[in-house]
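# Observations on chain architecture
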Amino acid sequence: MQPHSWVAIVTLVALLVYVWMALRVAGARRKAGIQPPAMTGDPILERHIRVQANTLEWLALFLPSLWLFAVYWNDLAAAVLGAVWIVGRIVYALGYVADPGKRELGFAIQGLATAALLFGALGRVIWTLATVGA
């Protein structure tokens, strides 16, 4: 059995990036003086909340694709694409909070990394079924 150590590290770092985003929401709340459950009233807080929510939405696509790509293709290639995804999410977060119009580059980076993982895994699974069988 292959341990997939690189993908495990990338998975944990991706989750730590998500925790970092949650801490940034908490900091923005403190700075704006807006207590939970309120989620509006300060544009910077709202941007932080949106960054965190959007990242959670993408984690549902990213993590299974990352692991399936590692299992069906290669651990190191999956980890590299996963690292690109992490960089994209950080660029997205910093850009979006600074100015929502600056989110595109980070979004494109992580979107392309996710697409490579998702369609790479799907293609390899289909190829394996077609050539080897179940």
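Located above this text is the structure these notes cover.
Notes on the structure follow.

Parameters and conventions
Residues numbered from 1 in each chain as written. Predicted model: local features only at pLDDT ≥ 70, side-chain atom pairs only at ≥ 80, totals over all residues. Heavy atoms only, no water. Patch = residues over 30% accessible without salt bridge, like charges linked within 9 Å, V, L, I, M, F, W, Y side chains within 5 Å. Areas by Shrake-Rupley, 256 points an atom, 1.4 Å probe, with all protein chains shown as cover. Salt bridge = Lys/Arg side-chain N within 4 Å of Asp/Glu carboxyl O. Helix = DSSP H or I, 4+ residues; strand = E, 2+ residues; numbered from the N terminus. Buried < 20%, exposed > 50% of the residue type's maximum accessible area, 1.4 Å probe, protein only. Expected span 1.5 Å × (residues − 1). Polar contact = N/O pair within 3.5 Å; in protein donor to acceptor, adjacent residues only side chain to side chain. Contact = heavy atoms within 4.5 Å.

### Overview of a nonpolar patch on the surface
Together, Trp-6, Ile-9, Val-13, Leu-76, Val-80 and Val-84 line one region of the surface with nonpolar side chains, adding up to about 540 Å² of accessible area. Of all the elements in the fold, those that place two or more residues in the nonpolar patch are helix H1 (5–32) and helix H3 (75–98). By the element assignment, Ile-9 lies in helix H1. When its relative accessible area of 45% is taken as the criterion, Ile-9 is described as partly exposed.

### Quick look at H3
Its 24 residues place the ends of H3 35 Å apart at the C-alpha level, agreeing with the 34 Å of an ideal helix rising 1.5 Å per residue. Between the side-chain oxygen of the N-cap and the backbone nitrogen of Leu-76 there are 2.8 Å, and the N-cap of H3 in question is Asn-74.

### Structural notes on the environment of Ala-78
With respect to the helices, strands and loops of the structure, Ala-78 is situated in helix H3. Each C-alpha atom of the pair Ala-78 and Trp-67 lies 7.6 Å from the other, and the pair is 11 residues apart in sequence. Not counting residues within four places of it along the chain, the set of residues in contact with Ala-78 comprises Val-7, Leu-66, Phe-69, Ala-70 and Leu-117.

Interpretation in functional terms is not warranted from these geometric data alone.
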